[in-house]
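Observations on the model geometry
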Amino acid sequence: MDPTPIDKSAPIFVAGHRGLVGSAVIRKLKYLGYTNLLLRTHSELDLTIQSAVDDFFAAHKPYYVILAAAKVGGIYANNTYPADFITVNLQIQTNVITSAFKHNTKKLLFLGSSCIYPKFAPQPIPENALLTGPLEPTNEWYAIAKISGIKMCQAFRLQHSFEAISAMPTNLYGPNDNFHPDNSHVLPALLRRFHEAKVNNVAEVVVWGSGKPLREFLHVDDLADAVVFLMENYSGLEHVNVGSGKEVSIKELAELVKDVVEYKGEIVWDSSKPDGTPRKLMDNSKLAALGWEAKITLKDGLQDTYKWYMENVVNQQ
């Protein structure tokens, strides 16, 4: 399709604007000169309450909607609160998508996650791997909700010709990431651990597993760039993968983090601990064919994220 530039003065509702993804989308839109951003905190607008969401849409009539709001968490949280993960995410999606359609939103983009794919999907994972096998049990509640969001966008497109599209990003990192010592993802967890080891003059950092598993990481500012690109350049039934297309072993990642943090001690691999999935990479060819590719290298992205961590986490403690 031909590009359809977004009207920079039209009202844009970014749901979840304080999170990792939403905050990056806001930075990107402001940088590009968008002037009419509709932002509401959770206390101002609870997206799980249908009447509140409908009243908001009736009053403000968002022209564009970027749905980045979600209840997210690691394995422990998903296992402990499965009812919350499936219910809250289904409520948010259902309320926002139905109100957007009802109040004549021109276009909506729904953001999911790579966890929608089967546990043993082919690698790299193509979009058509969706619903071809069982999910990873540890986060199936969240994944089922996100799959429902994709299907809802498709259903509204098929039945009502509503311009709703879906994007599925790979593992994300960057400013506003979660650096909690117990429930953060591998990249921010490594940044924090190497930083604390440096500050405390610890001789070695022990990392679980062999370091051999391959992972893909995308800086959240690249995702925000892809979100705007898709809003302008994509209209289709199928969801679109958003990845960097670059694989890195956990060993290479740990060494890169060590370098960025300037930690001088040793890395010790505890091979008695599990490795997890050997390889997880998104097939990014669909988005590449549309003309988009990631621009931020992993090293540059790590330096940017470490700087943010120092300024916003360490210096606030």
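Residues numbered from 1 in each chain as written. Predicted model: local features only at pLDDT ≥ 70, side-chain atom pairs only at ≥ 80, totals over all residues. Heavy atoms only, no water.

Labelled according to an unreviewed UniProt entry, the protein chain appears under the name GDP-L-fucose synthase, originating from Forsythia ovata. Checking UniProt for the protein chain, the heading Catalytic activity (unreviewed entry) contains the comment "GDP-beta-L-fucose + NADP(+) = GDP-4-dehydro-alpha-D-rhamnose + NADPH + H(+)". (UniProt positions renumbered as here; feature names shortened; annotations may be inferred.)

1. Quick word on the sheet that holds strand β9 (residues 240-242)
Ordered by their spatial adjacency, 6 strands build an open sheet running β2-β1-β3-β4-β5-β9, and the pairing between neighbours is parallel. Two strands lie at the open edges of the sheet, namely β2 (37-38) and β9, each paired on one side alone. In this sheet, strand β3 (residues 64-67) lies alongside strand β1 (residues 12-15) in parallel orientation, the contact comprising 4 bridges. Paired with A15 across the two strands is L67, which belongs to β3. Sitting on the sheet, helix α1 (residues 20-31) touches β1, β2, β3 and β4 (107-111), and the angle it makes with β1 is about 155°. Along the sheet, helix α7 (residues 220-233) makes contact with β3, β4, β5 (164-169) and β9, crossing β4 at roughly 145°. (Pairing = 2+ DSSP bridges. Helix = DSSP H or I, 4+ residues; strand = E, 2+ residues; numbered from the N terminus. Contact = heavy atoms within 4.5 Å. Axes fitted to C-alpha atoms, helices over the stretch in contact; angles between N-to-C directions.)

2. A closer look at the sheet that holds strand β8 (residues 214-219)
The strand order β6-β8-β10 describes an open sheet built from 3 strands, whose pairing is mixed. Edge positions in the sheet fall to β6 (171-173) and β10 (247-249), since each has one partner strand and no second. Across the sheet, the mean angle separating the axes of adjacent strands is 50° when strand polarity is ignored. Of the strand pairs in this sheet, β6 and β8 are connected by 3 bridges, and their pairing is parallel. In the strand pairing of β8, L172 is matched with L218. Contacting β6 and β8, α7 runs over the sheet at an angle of about 65° to β8. Helix α8 (residues 250-261) contacts β8 and β10 of the sheet and is inclined by roughly 80° relative to β10.

3. Description of the packing of helix α6 (residues 186-199) against helix α10 (residues 298-312)
Interhelical geometry of α6 versus α10 gives an angle of 60° and a closest axis separation of 11 Å. Considering their axes alone, α6 and α10 lie oblique with respect to each other. Between α6 and α10 the crossing geometry is right-handed. Every residue of α10 that contacts α6 at L187, L191, R192, H195, E196 and K198 is listed here: L298, L302, T305, Y306, Y309 and M310. Across the contact of α6 with α10, the residue classes tally to 7 nonpolar, 2 polar and 3 charged. (Parallel < 35°, antiparallel > 145°, perpendicular 65-115°, else oblique. Left-handed = near helix turned anticlockwise from the far one by under 90°. Nonpolar A, V, L, I, M, F, W, Y, C, P; charged D, E, K, R; others polar.)

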